[in-house]
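# Geometric and topological summary
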Amino acid sequence: MSRPSSPVAVCDAVSRVYGGSNGRFRRSKPTVRALDDVSLSIEAGEFVCITGASGSGKSTLLHLLAGLDTPTEGRVTIADTDLSACSGKERVRLRRDEVGIVFQRFHLLPALSARANVALPLVEQGVGTKSRRERAADLLERVGIGNRLTHRPDELSGGEQQRVAIARAIVTQPSLVLADEPTGELDTETGQNVLELLQELPGQGRAVVVASHDDTIAAAADRRIELRDGQVVEDG
Ligand code: ADP
Ligand code: MG
């Protein structure tokens, strides 16, 4: 049975201010309003590209949506749960179960095989060893590197490492997949392959939000949200 679906993520009048005077240190940094009164709603099935120049607030927005950072003002809601109102434990659970993240520099653990990297989020979820290995191998197969299960990150190309990172981000079947400049370290052709992979992810209750100043990604997205100096200047 399908329920009327609520948004996967909502930002309600969100601002994030960095710096300023700090109680312990007399020296104060100039404050930066990295996000300024941002309101938006991400629906299941959407492939959204956050665009904007370097420093416009894209990474800050993704960190807030991931629950890795908290807004100075306003509210972020993931899967109907207000991140600022829930307990620390609940926030950890939401981050673990509802959000998957792909970083520009992949952030894989160097000592672990591709399969073990992908399986890692399932350890935190308490999934058994056999099932973890199967699910990780299945996903690596699906992203096209089923023949690299036991390779370590330094034995993989950039594009292959990013495929591992994408597999790791979706292994828990999160409702929200966030990717921060996922093609920034890749050559054009490899970047195109990674983009195609990301485009397959929306649907089945999932949304994908990619921060990028790569025009190819912006053109491929269903919706572009442009930031300028921390404000949304275009959404559509
Ligand atoms: P983008 O990802 O679009 O390049 P960011 O979200 O990284 O932009 O940064 C937005 C603004 O916030 C920039 O002016 C940046 O210098 C500032 N900023 C980002 N992170 C911090 C931080 N931890 N401390 C202070 N200022 C920061
Ligand atoms: Mg950034």
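Up top is the structure.
Residues numbered from 1 in each chain as written. Chains lettered and ligands numbered in written order. Predicted model: local features only at pLDDT ≥ 70, side-chain atom pairs only at ≥ 80, totals over all residues. Heavy atoms only, no water.

## Section: the sheet that holds strand β7 (residues 176–180)
On the basis of which strands lie adjacent, the open sheet formed by 6 strands has the order β6-β7-β8-β3-β9-β10 and mixed pairing. The open sheet terminates on both sides in strands that have one partner only, identified here as β6 (99–102) and β10 (231–235). The mean inter-strand angle of the sheet, taken between neighbouring strand axes irrespective of direction, is 20 degrees. In the sheet, β7 pairs with strand β8 (residues 207–211) via 5 bridges, with the strands oriented parallel. The partner of Leu 178 across the bridge, within β8, is Val 209. (Pairing = 2+ DSSP bridges. Helix = DSSP H or I, 4+ residues; strand = E, 2+ residues; numbered from the N terminus. Axes fitted to C-alpha atoms, helices over the stretch in contact; angles between N-to-C directions.)

## Focus on the side chain of Gln 162
Along the chain, the position of Gln 162 falls in helix α5 (residues 158–170). Look at Gln 162 and you get buried, because its relative accessible area is 0%. Contact partners of Gln 162, with chain neighbours within four places excluded, come to Val 102, Phe 103, Gln 104, Phe 106, Pro 182, Leu 186 and Val 194. (Buried < 20%, exposed > 50% of the residue type's maximum accessible area, 1.4 Å probe, protein only. Contact = heavy atoms within 4.5 Å.)

## Focus: helix α6 (residues 188–199)
With 12 residues, α6 extends 16 Å between its outermost C-alpha atoms, agreeing within 8% with the 16 Å of an ideal straight helix rising 1.5 Å per residue. Of all the residues in α6, the buried ones are Thr 190, Gly 191, Val 194, Leu 195, Leu 197 and Leu 198. Mapping the buried residues of α6 onto a view down its axis gives an arc of 160 degrees, with all of them on the same face. Exposed residues on α6 whose side chains face more than 90 degrees from its buried face are Thr 188 and Glu 189. Looking at the packing, one finds that the buried side of α6 touches β3 (47–51), α5, β8 and α7 (215–220). (Expected span 1.5 Å × (residues − 1). Arc of directions from axis to C-beta.)

## Observations concerning the packing of α5 against α6
Orientation of α5 relative to α6, taken along the N-to-C sense of each, is 15 degrees, at an axis distance of 10 Å. Our classification of the angle between α5 and α6 gives roughly parallel. For α5 against α6, the interelement crossing comes out right-handed. Between α5 and α6, the contacting residues are Gly 159, Gln 162, Arg 163 and Ile 166 on the first element and Thr 190, Asn 193, Val 194, Leu 197 and Leu 198 on the second. (Parallel < 35°, antiparallel > 145°, perpendicular 65-115°, else oblique. Left-handed = near helix turned anticlockwise from the far one by under 90°.)

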